[in-house]
Amino acid sequence: MRILVLCTHNARRSQLAEALLRWLAGDRCEVVSAGTEPGSIDPRVFEVLHELGVPTDGLHSKSVEAFRTTAFDLVITVCDHAREHCPVFPGAPRMLHWSLPDPGQAGGSPEQQLDAFRRVRDELRERICREILPLLDT
């Protein structure tokens, strides 16, 4: 199964989802993430992934344009802006939208901001386990 995770900047939520999917699904799927307006990855993404022992090798921000001709079985948008501006992937028989807050916009102390990344990471992990992993076992 080929999965694409989309977000606006491909800097936080989609990177977390890509790394978690690879870690949890292993070789049962091929996953990439991309952004409609790609930027650089927030370093806190690496920090909260490493807390769980999730590998981050090869994570980098990518443009959705690089995947326009790639056939995906599933496209997941993880922010409302990306959903509204998502290009059409006619070969994708299934699309999911997970409206998640941008942890990069969290206020407070550095530890409170890091907690926002942890909450999004944990919610993504839960959704992947509940909604994606069962699809891979069919």
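Residues numbered from 1 in each chain as written. Predicted model: local features only at pLDDT ≥ 70, side-chain atom pairs only at ≥ 80, totals over all residues. Heavy atoms only, no water.

Asker: Sorry, what's going on with the nonpolar core here?
Answerer: In globular proteins that are soluble, nonpolar side chains generally tend to be buried together. Among the nonpolar cores identified, the biggest contains 32 residues, and Ile3, Leu49, Ile76, Val78, Trp98, Leu124 and Ile132 are the most heavily contacted of them. Where this core is concerned, the elements lending two or more residues are strand S1 (2–7), helix H1 (13–25), helix H2 (43–52), strand S3 (74–77) and helix H4 (110–136). For this core, the element with the highest residue contribution is H4, accounting for 8 residues. Excluding its chain neighbours within four sequence positions, the residues that come into contact with leucine 49 are Leu16, Ala19, Leu20, Val54, Thr56 and Leu59. Among the nonpolar cores identified, the runner-up in size contains 8 residues, and Leu6, Val32, Phe67 and Val75 belong to it. (Core = buried A, V, L, I, M, F, W, Y, C linked by side-chain atoms within 4.5 Å. Buried < 20%, exposed > 50% of the residue type's maximum accessible area, 1.4 Å probe, protein only. Helix = DSSP H or I, 4+ residues; strand = E, 2+ residues; numbered from the N terminus. Contact = heavy atoms within 4.5 Å.)

Asker: I keep staring at the sheet that holds S3 and nothing clicks. Help me out?
Answerer: Here we have 4 strands laid out as an open sheet, ordered S2-S1-S3-S4, and parallel in their pairing. A strand with exactly one partner marks an edge of an open sheet, and here the two such strands are strand S2 (30–35) and strand S4 (94–97). With direction set aside, neighbouring strand axes in the sheet form an average angle of 20°. Across 4 bridges, S1 lies against S3 in parallel orientation. (Pairing = 2+ DSSP bridges. Axes fitted to C-alpha atoms, helices over the stretch in contact; angles between N-to-C directions.)

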